[in-house]
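Chain residues, written in single-letter form:
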Amino acid sequence: MSQSSNFNQIYPDQAIAICTRYHPEQLSNYDHHVVNVNGRAGVMLTYEWLPLEEHTGPFVLTVVFRHAEKHPPAPGKIRSIVDELRFQVRGQAR
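Residues numbered from 1 in each chain as written. Predicted model: local features only at pLDDT ≥ 70, side-chain atom pairs only at ≥ 80, totals over all residues. Heavy atoms only, no water.

1. Considering the overall build of the protein
A count of helices and strands for the protein gives 2 helices and 5 strands. Starting at the N terminus and ending at the C terminus, the protein contains elements arranged as β-α-β-β-β-α-β. Within the protein, contacts between residues separated by at least 24 positions form 69% of all contacts whose residues are at least 6 apart in sequence. A total accessible area of about 5600 Å² is found for the protein, and carbon and sulfur atoms account for 48% of it. (Helix = DSSP H or I, 4+ residues; strand = E, 2+ residues; numbered from the N terminus. Contact = heavy atoms within 4.5 Å. Areas by Shrake-Rupley, 256 points an atom, 1.4 Å probe, with all protein chains shown as cover.)

Below, the structure written as structure tokens:
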């Protein structure tokens, strides 16, 4: 049983969002692509979900705000999906 190691932890310079089963199928191929969260460019991390068939959830999308300039931008369709998610950033009320 795979579970995200960061489910209950939000580190400095990152944001997390809980995804539905629909989201991982759409987002998993865009690991280390740049998206925007709360107006900040960040790198989307999805590698912990793979293989999808073996991941039981929850599917936690982590976006790290460091070194975004070193990664390719996510396609518009992917950025639109991420824009719909509700992110928590360290220091924000949950």
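2. As for the pairing of strand β3 (residues 40-45)
Pairing geometry for strand β2 (residues 33-37) and β3, over 5 bridges, is antiparallel. Looking at the pairing, V37 lines up with R40 of β3. Hairpin connection, β2 to β3: the antiparallel pair is bridged by 2 residues, and N38 has positive phi, about 55°. (Pairing = 2+ DSSP bridges.)

3. A short note on the nonpolar core
Grouped together as the largest cluster of nonpolar side chains are 20 residues, with contacts concentrated most on L27, L61, V82 and F87. When contributions to this core are tallied by element, the ones reaching two or more residues are β1 (14-19), β2, β4 (59-64) and α2 (76-83). When near neighbours in sequence (up to four residues on either side) are disregarded, L61 contacts A15, I16, A17, C19, L27, M44, L45, T46, W49, V82, L85 and F87. Residues V34, V43, L45 and A68 belong to the second largest nonpolar core, which totals 5 residues. (Core = buried A, V, L, I, M, F, W, Y, C linked by side-chain atoms within 4.5 Å. Buried < 20%, exposed > 50% of the residue type's maximum accessible area, 1.4 Å probe, protein only.)

4. A few points about the pattern of salt bridges
Pairing of side chains with opposite charge becomes possible as their charged atoms draw close. Under the criterion given, the structure shown has 3 salt bridges. For R40, the salt bridge goes to D13, with nearest N and O atoms at 3.1 Å. In this pair, R40 sits in strand β3 while D13 sits in the segment before β1, placing the two residues 27 residues apart along the sequence. With a relative accessible area of 34%, D13 lands in the partly exposed category. The residue E25 makes a salt bridge to R21 at a minimum N-O spacing of 3.9 Å. Exposure remark for E25: the relative accessible area of 46% places this residue in the partly exposed category. (Salt bridge = Lys/Arg side-chain N within 4 Å of Asp/Glu carboxyl O.)

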